[in-house]
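# Results of the structural survey
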Amino acid sequence: MHAPGPQVDDHMTVDVALSVLIGARVPHLLLRDEDGRCAGLVTRAQLAAHRGGSWYCDRTRLRDIPLDRGPFTSSVAVLGEAEAAMRDRTLDVSPVIDEHGYALGILALTS
């Protein structure tokens, strides 16, 4: 498990989130809801793809685009089961959350 990295509010616009992601030099951002709980994970590729679509608007919020919104990996999950769940859902990374839904880190698959 890696540190969670930058976390942004899900009401942030796609443009600002892409700037944060590039500025922080990270492959993904964790999204928080209005209570600070993990609301999703978004990658540079997802943001770039959305931004290039004909439906794009510079006021589009992160909460309005399709992205992985869970279920996320529990902090008490068995590693093998968490890995299998990620492979089933074709995820390379998954937020690890505590029992209240707050992000503790990121679980990443290797090869």
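Structure: above.
Let us look at the structure shown here.

Conventions adopted
Residues numbered from 1 in each chain as written. Predicted model: local features only at pLDDT ≥ 70, side-chain atom pairs only at ≥ 80, totals over all residues. Heavy atoms only, no water. Helix = DSSP H or I, 4+ residues; strand = E, 2+ residues; numbered from the N terminus. Buried < 20%, exposed > 50% of the residue type's maximum accessible area, 1.4 Å probe, protein only. Contact = heavy atoms within 4.5 Å. Areas by Shrake-Rupley, 256 points an atom, 1.4 Å probe, with all protein chains shown as cover. Polar contact = N/O pair within 3.5 Å; in protein donor to acceptor, adjacent residues only side chain to side chain. Lys, Arg positive; Asp, Glu negative; His and termini not counted. Salt bridge = Lys/Arg side-chain N within 4 Å of Asp/Glu carboxyl O. Core = buried A, V, L, I, M, F, W, Y, C linked by side-chain atoms within 4.5 Å.

In this section: the overall build of the protein chain. Helix and strand content of the protein chain: three helices and six strands. The order of helices and strands in the protein chain, counted from the N terminus, is β-α-β-β-α-β-α-β-β. Structurally, the protein chain occupies a C-alpha span of about 40 × 30 × 25 Å along its principal axes. With 111 residues in all, the protein chain has 40% of them scored as buried. Residue pairs in contact within the protein chain that sit at least 24 positions apart in sequence constitute 48% of those at least 6 positions apart. Carbon and sulfur atoms make up 54% of the accessible area of the protein chain, which amounts to about 6,400 Å² in all.

Our focus in this paragraph is the environment of Thr110. In this structure, Thr110 sits in the segment after β6 (103-108). Linking Thr110 and Gln7, residues 103 residues apart in sequence, is a C-alpha distance of 23 Å.

Following the sequence through the fold, Ser94 ends up in strand β5 (residues 93-97). On the basis of relative accessibility, which here comes to 1%, the residue Ser94 falls in the buried class. Only 2.9 Å separates the side chain of Ser94 from the side chain of Thr73, close enough to count as a polar contact. Ignoring anything within four residues of it in the chain, the contact list for Ser94 reads Phe72, Thr73, Met86, Gly105, Ile106 and Leu107.

Let's shift gears to the side chain of Asp33. Take Asp33: it is sitting in the loop between β2 (28-32) and β3 (38-43). In this structure, Asp33 is buried with no salt-bridge partner, the nearest side chain bearing the opposite charge being Arg37 at 5.3 Å. Within the structure, Asp33 has its side chain in polar contact with the backbone nitrogen of Asp35 (distance 2.8 Å). Apart from residues lying up to four places away in sequence, Asp33 is in contact with Asp9, Asp10 and Ala39.

This part covers unusual backbone geometry. The backbone phi angle of Arg25 is positive, close to 55°, even though this residue is not glycine. Counting through the fold element by element, Arg25 comes out in the loop between α1 (14-24) and β2. Despite not being glycine, Thr90 shows a phi value in the positive range, around 50°. Along the chain, the position of Thr90 falls in the loop between α3 (79-88) and β5.

What follows deals with the nonpolar core. Counting residues in hydrophobic clusters, the biggest one holds 15 residues, and the most contacted among them are Leu29, Leu31, Val42, Leu47, Leu62 and Ile65. Within the residue set of this core, elements represented by two or more residues are α1, β2 and β3. Looking at this core element by element, the count peaks at four residues for α1. Not counting residues within four places of it along the chain, the set of residues in contact with Leu31 comprises Val8, Asp10, Arg37, Cys38, Ala39, Gly40, Leu41, Val42, Leu62 and Leu67.

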